[in-house]
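Working through the structure, step by step
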Amino acid sequence: SAQPWAQERRSQPEAAAPIKAIAAAGEEAEAAEEEASGVEVSRALTLQGAQQTLAILRGVKLIENRAWKIPCGWYALHSGAKMISEERAERLRQVWPDAPEESSLPHSAIVGLFYVQEHLSPEECRSDYVWARGPICHIISKAIEFTSPVPCRGDKGLWSLSDAQRQEIKAQLDSNATLRRFDLSPAR
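Report on the accompanying structure. Per chain, residue numbering runs from 1 following the sequence as it is written. The model is predicted, so local features are restricted to residues of pLDDT at least 70 and side-chain atom pairs to those at 80 or more, both for listing and for counting; the totals for chains, interfaces and linings are taken over all residues. The basis for every side-chain value is the complete set of heavy atoms in the structure, and neither hydrogens nor water enter the calculation.

Considerations on unusual backbone geometry
- The amide bond that connects G134 to the next residue, P135, takes the cis arrangement and shows omega of 10°.
- A helix here means a DSSP run of H or I that spans at least four residues, while a strand means a run of E at least two residues long, and both kinds are numbered starting from the N terminus. In this structure, P135 sits in the loop between strand 5 (109-120) and strand 6 (136-151).
- In this structure, S108 is a non-glycine residue whose phi angle is positive, near 55°.
- Considering the arrangement of structural elements, one finds S108 in the loop between helix 4 (86-95) and strand 5.

Printed below as a string of structure tokens:
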């Protein structure tokens, strides 16, 4: 259901005291909001765990790790059917202890868009950044969180959006969607 997502969207991440850089990134994201119309996307990436997708959309998770290179550009972000793994959940709790419960967030749905700005190796990232694992660190510089998730099946790798999915995404972008730019200093 879209309602828990809308409720969670209103509450912003609160960082623990030692994670001041992450809190600053969230505050920067709020200050750097702009209109999202005109963004176009044709492919999507599915992630395990809705907490991870929300962390990306809110600027808490600024790196997506892959063994293969995702070309720079915009992608739809799909929250897969599987719940977050315990290893990933532990990493998330380190930097976002007040994250919404995994079970309260949408699964099997496109929940927003994200922008891959550049690729770094873990050695080029900040050594204390919990998500700089690689082998390729995809730096996420901006995102758009949808008010209503678009239910659908995901796939492995980058997968093509259907015409119907692209129309639903465009409708959300045209109806007050907000693009957030992130402060990347916590990650690099």
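Some remarks on the environment of Q48
- As for its position among the elements, Q48 is in the loop between strand 2 (43-47) and helix 3 (50-57).
- Spatially, the C-alpha atom of Q48 lies 8.8 Å from that of H78, the residues being 30 residues apart in sequence.
- Contacts were defined at the residue level, with two residues in contact if any of their heavy atoms lie within 4.5 Å. Residues within four places of Q48 in sequence aside, it is in contact with K82, M83, I84, S85 and R88.
- At 3.2 Å, the side chain of Q48 and the backbone oxygen of M83 are in polar contact. Between N or O atoms, a polar contact is any pair within 3.5 Å; within protein, one atom must be a potential hydrogen donor and the other a potential acceptor, and residues adjacent in sequence are included only when both atoms are from side chains.

Purely spatial values, then, with no claim about function.
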